[in-house]
Amino acid sequence: MTQVNNTIYFYSVHEEPYGVFSNFSAHGFELDGHYWQTSEHYFQAQKFVGTSHYHDVRRAKSPMEAARTGRDRKRPLRKDWESVKDDVMRRAVWAKFTTHEELSELLLSTGKMKLVENTTGDFYWGCGRDGSGKNKLGAILIETREKLASEHMEDQP
């Protein structure tokens, strides 16, 4: 994790304290009638709803194995994947951060800072090698932070 100006860059789960923003962090939750070891497990499994591949991903021993299984193009993606993947990620992130209060507090503590998944190889979910990526995971974390902050304001007397 590095912090530059008003931006927090995160990637590895081992980087304190913001490594927990990674989908590989070991913060499980229940969603859609199942327990998910990580948000990576949930996200990757959603590519295969209604098939045996769904359960293969759900039962993966690690988030890396879940990611590898979910990215295996020999397995057929659901037809609407491109149109639903952002909302799938939103649901996973929301479930993770509302299940674990310490994560919610950490996310809220970032205030108005920009959050960037600092991955060289992913130009969609992260910033990509040259920083020109869409950083969709960072954007979804910021949306989640805003929603959590709004709910905390409503809870105040």
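Residues numbered from 1 in each chain as written. Predicted model: local features only at pLDDT ≥ 70, side-chain atom pairs only at ≥ 80, totals over all residues. Heavy atoms only, no water.

All right, on to the layout of surface pockets then. Considered as a void within the structure, the largest pocket measures approximately 440 Å³ in volume. Around the largest pocket, the lining comprises 20 residues; the ones closest to its centre are Tyr 11, Phe 24, Glu 40, Arg 71 and Glu 117. For the lining of the largest pocket, the element with the most residues is helix α1 (residues 39-45), which contributes three residues. (1 Å grid on protein atoms, 1.4 Å probe; cavity = no way out; pocket = protein on both sides within 12 Å on 5 of 7 lines; lining within 4 Å. Points joined across faces, edges and corners; volume = space filled by probe spheres on them. Helix = DSSP H or I, 4+ residues; strand = E, 2+ residues; numbered from the N terminus.)

So, about the nonpolar core. With 35 residues, the main nonpolar core has Phe 21, Phe 97, Leu 115 and Leu 141 as its most contacted residues. Of all the secondary structure elements, the ones that give two or more residues to this core are β2 (7-10), β3 (29-31), α1, α2 (52-58), α4 (81-99), α5 (101-109) and α6 (136-155). Of the residues forming this core, the biggest block, eight residues, is contributed by α4. Every residue in contact with Phe 21, bar those within four places of it in the chain, is listed here: Phe 10, Lys 96, Phe 97, Leu 106, Leu 107, Thr 110, Leu 115, Leu 137 and Leu 141. (Core = buried A, V, L, I, M, F, W, Y, C linked by side-chain atoms within 4.5 Å. Buried < 20%, exposed > 50% of the residue type's maximum accessible area, 1.4 Å probe, protein only. Contact = heavy atoms within 4.5 Å.)

Structurally, Thr 119 can be placed in the loop between β5 (114-117) and α6. We classify Thr 119 as buried; its relative accessible area is 8%. Look past the residues within four positions of Thr 119 in its chain and what remains in contact with it is Tyr 11, Gly 126, Cys 127, Gly 128 and Arg 129.

Our next topic: the packing of aromatic side chains. Enumeration over the complete set of coordinates arrives at nine aromatic pairs. Taken together, a centroid distance of 5.1 Å and an interplanar angle of 90 degrees make the contact between Trp 36 and Tyr 42 edge-to-face. Residue Trp 36 is classed as buried on the basis of its relative accessible area, which comes to 0%. The exposure class assigned to Tyr 42 is buried, which follows from its relative accessible area of 1%. Just above the ring of Trp 94 sits the side chain of Lys 147; from NZ or CZ to the centre is 4.1 Å. (Phe/Tyr/Trp six-rings, centres within 6.5 Å; stacked < 30°, edge-to-face > 60°. Lys NZ or Arg CZ within 6 Å of the ring centre and 35° of its normal.)

Moving on, we come to the pattern of salt bridges. Evaluation of the coordinates by the stated rule reveals nine salt bridges. With its nearest N and O atoms 3.0 Å apart, the salt bridge here joins Asp 56 to Arg 75. One end of the pair, Asp 56, is in helix α2; the other, Arg 75, is in the loop between α3 (63-70) and α4, and 19 residues separate them in sequence. Judged by relative accessible area, Asp 56 falls into the partly exposed class, the value being 32%. What makes Arg 75 buried here is its relative accessible area of 18%. Shared partners join several salt bridges into a network, and the residues in it are Asp 56, Asp 72 and Arg 75. (Salt bridge = Lys/Arg side-chain N within 4 Å of Asp/Glu carboxyl O.)

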